[in-house]
Amino acid sequence: MTRPLRLDGSGRTDRVMASLTAVVAVYRRLSGVSGRRRPPVLAVDRDLPLVVDDVRVEAEGVVSVRLVHENGEPLPRWRPGAHVDLSPRPGLVRQYSLCGDPDDRSAYRVGVRLLGEGSTAVHALKKGARITVRGPRNAFPFVASPAYLFVAGGIGITPILPMVRQAAASGADWRLVYTGRDRASMPFLEELSEFEDRVWIRPDTEYGIPASGAELLEGAEKSAPIYCCGPIPMIVGVRTDAALRTSGPVFFERFSTPPIVGGKPFRVELARSSVTLDVPADRTTLDVLRETVPGIAYSCRQGFCGTCELPTVTGDRVRICVEREPVTLDL
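Please read all numbers here as calculations on a predicted model, not as lab measurements.

Q: Would you mind going over the overall build of the protein chain in detail, with residue names and values included?
A: A tally of regular secondary structure across the protein chain gives 8 helices and 16 strands. Roughly 18,600 Å² of accessible area belongs to the protein chain as shown, and the carbon and sulfur atoms make up 53% of that amount.

Okay, here's the thing in structure tokens:
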């Protein structure tokens, strides 16, 4: 049985403290040696110096941009559903889905519809232009399955296109419903023509605007995962009706800011500027802050890219595109 250590006035206290001091001294010496033997921690640079190799018109208002490494090096691997952070000019960063061939490591391809500041800068790119790209990252992972239903709306075809090709290559039973305003505005129709028997091209000018998500889910196997990308109303309709008919899991990706549901007004303080901003229930911190500080950087507006992170006075960092609580920023 171990007896408890009893410290008394006989000097045992001094002996124990001296022993502990010696142990600590040895530990510190060993820690110093161990630390010196460790290799230095190197910063990871995920920025890719790429060059525009080709720009093609794919539909009305849509171009595809082919990017290669400036030194001809193979590019990082990626899987269907991945996107890259693309900076067409300093201070401007936007996310675009990769829509090329994942097995082709010589180039990346993105499809961009002309809509907003970021896309305007991308459409202005010319062959030979140098551009910084970060990634790829995947927030829309493609799972293995014997069957799939793909639903794409407009430019939402970009992350779906590599999924379709991989599903076809794997021998899966798949279907694609591709909606759009009209055929002239729908990119990559020519590439999809080889899968004509599995693809339903459904422009509004020929079929009308979809009345519900159920219309787009017709013929889907109940257990097949559903991959959906496009306008928010389409995604909401597909998710709602898929749940009602006990379909397979729905994976989706938005290309626009999700709506604020059940929001409440709050205040944001700018500590160094001594400014207080009122954020209404239906707006974000980013929306209101940009009216006061126009140069605030942002990108995805959905909270995953981190471009809009700002420091608080407590040393934390918050993503102001999704922040919905009172906060005091170090600005």
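Here the narrative resumes.
Q: Talk me through the sheet that holds strand β1 (residues 47-59); I want residue IDs and the actual numbers.
A: With antiparallel pairing, the 6 strands of this open sheet are ordered in space as β4-β3-β6-β1-β2-β5. Of all strands in the sheet, those with a lone pairing partner are β4 (92-97) and β5 (108-113), marking the two edges. Sheet twist, expressed as the mean angle between neighbouring strand axes with direction ignored, is 40 degrees. Across 5 bridges, strand β3 (residues 82-89) lies against strand β6 (residues 130-138) in antiparallel orientation. Residue pairing in the sheet places histidine 83 in a bridge with arginine 137 of β6.

Q: So what's going on with the environment of histidine 123? Residues and values would help.
A: Locating histidine 123 in the fold gives a position in helix α2 (residues 117-123). Separated by 11 residues in the primary sequence, histidine 123 and valine 112 place their C-alpha atoms 7.7 Å from one another. For histidine 123, the contacting residues outside a window of four places in its chain are Gly61, Val62, Val63, Val112, Arg113 and Leu114. A polar atom in the side chain of histidine 123 sits 2.9 Å from the backbone oxygen of valine 112.

Q: I'd like to hear about the pattern of salt bridges, residue by residue, with values.
A: In the structure shown here, the tally under the stated rule is 19 salt bridges. The shortest N-O distance in the salt bridge between aspartate 53 and arginine 66 comes to 2.6 Å. A residue pair is termed long-range when its members are at least 10 positions apart, and aspartate 53 in strand β1 and arginine 66 in strand β2 (residues 62-69) qualify at 13 residues. Taking the relative accessible area as the measure of exposure, arginine 66 reaches 30% and is therefore partly exposed. A salt bridge links glutamate 191 to arginine 109; the nearest nitrogen and oxygen atoms lie 2.7 Å apart. One end of the pair, glutamate 191, is in helix α4 (residues 189-192); the other, arginine 109, is in strand β5, and 82 residues separate them in sequence. Residue classification places glutamate 191 among the partly exposed positions, given a relative accessible area of 22%. Taken together, the shared-partner salt bridges in this structure form one network comprising Arg109, Arg165, Glu191 and Glu194.

Q: Quick one: what's the story with helix α8 (residues 285-292), residue by residue and with numbers?
A: Residues of α8 that are buried: Thr285, Leu286, Val288 and Leu289. For α8, the angular spread of buried residues about the axis comes to 165 degrees, placing them on one side. Looking at the packing, one finds that the buried side of α8 touches β12 (266-270), β13 (275-279), β14 (309-311) and β16 (327-329).

Q: Could you give an account of the packing of aromatic side chains, with specific residues and numbers?
A: With the rule as written, the count across this model stands at 11 aromatic pairs. On the numbers, 4.8 Å between centres and 25 degrees between planes, the contact of phenylalanine 142 with tyrosine 148 is stacked. Judged by relative accessible area, which is 5%, tyrosine 148 ranks as buried. A centroid spacing of 5.4 Å and a plane angle of 80 degrees characterise the contact between tryptophan 174 and phenylalanine 195, whose relative ring orientation is edge-to-face. Of the two residues, tryptophan 174 is situated in strand β8 (residues 173-180) and phenylalanine 195 in the loop between α4 and β9 (199-203); the sequence distance between them amounts to 21 residues. Here the two residues tryptophan 174 and phenylalanine 195 agree in accessibility, since each one is buried.

Q: Before we move on, can you summarise the pairing of β5 with the specific residues and values?
A: With 5 of 6 residues buried, β5 lies mostly within the body of the structure. Of the strand pairs in this sheet, β2 and β5 are connected by 6 bridges, and their pairing is antiparallel. Across the sheet, residue valine 63 finds its bridge partner in β5, namely valine 112.

Q: Describe the nonpolar core, listing the residues and the values that go with them.
A: If you look at soluble globular proteins, the nonpolar side chains tend to sit buried side by side. The biggest cluster of nonpolar side chains holds 24 residues, and the ones touching the most others in it are Phe150, Ile160, Trp174 and Leu176. Going through the elements one at a time, β7 (147-153), α3 (157-170), β8, β9 and β10 (226-230) are the ones with two or more residues in this core. Looking at which element gives the most residues to this core, the answer is α3, with 6 residues. Setting aside chain neighbours within four positions, we find leucine 176 in contact with Phe150, Val151, Ala152, Ile157, Ile160, Val164, Leu192, Arg198, Val199 and Trp200. Within the second largest apolar cluster, 20 residues are counted, among which are Leu48, Leu75, Val110 and Leu125.

Q: A description of unusual backbone geometry should follow, citing residues and the corresponding values.
A: Following glycine 135, the chain continues into proline 136 via a peptide bond in cis, with omega recorded as 0 degrees. Along the chain, proline 136 falls in strand β6. Positive phi, close to 70 degrees, is recorded for phenylalanine 188, a residue that is not glycine. The phi torsion at serine 274 lies on the positive side, around 55 degrees, for a residue other than glycine. Position of serine 274 among the secondary structure elements: in the loop between β12 and β13.

Q: Tell me what's going on with the side chain of aspartate 241, and back it up with residues and numbers.
A: By the secondary structure assignment, aspartate 241 is in helix α7 (residues 232-244). With no salt bridge to any partner, buried aspartate 241 finds its closest opposite charge in arginine 245, at an N-O distance of 8.0 Å. In this structure aspartate 241 touches Ser212, Gly213, Ala214 and Leu217, once residues within four positions along its chain are discounted.

Rules and cut-offs
Residues numbered from 1 in each chain as written. Predicted model: local features only at pLDDT ≥ 70, side-chain atom pairs only at ≥ 80, totals over all residues. Heavy atoms only, no water. Helix = DSSP H or I, 4+ residues; strand = E, 2+ residues; numbered from the N terminus. Areas by Shrake-Rupley, 256 points an atom, 1.4 Å probe, with all protein chains shown as cover. Pairing = 2+ DSSP bridges. Axes fitted to C-alpha atoms, helices over the stretch in contact; angles between N-to-C directions. Contact = heavy atoms within 4.5 Å. Polar contact = N/O pair within 3.5 Å; in protein donor to acceptor, adjacent residues only side chain to side chain. Salt bridge = Lys/Arg side-chain N within 4 Å of Asp/Glu carboxyl O. Buried < 20%, exposed > 50% of the residue type's maximum accessible area, 1.4 Å probe, protein only. Arc of directions from axis to C-beta. Phe/Tyr/Trp six-rings, centres within 6.5 Å; stacked < 30°, edge-to-face > 60°. Core = buried A, V, L, I, M, F, W, Y, C linked by side-chain atoms within 4.5 Å. Lys, Arg positive; Asp, Glu negative; His and termini not counted.

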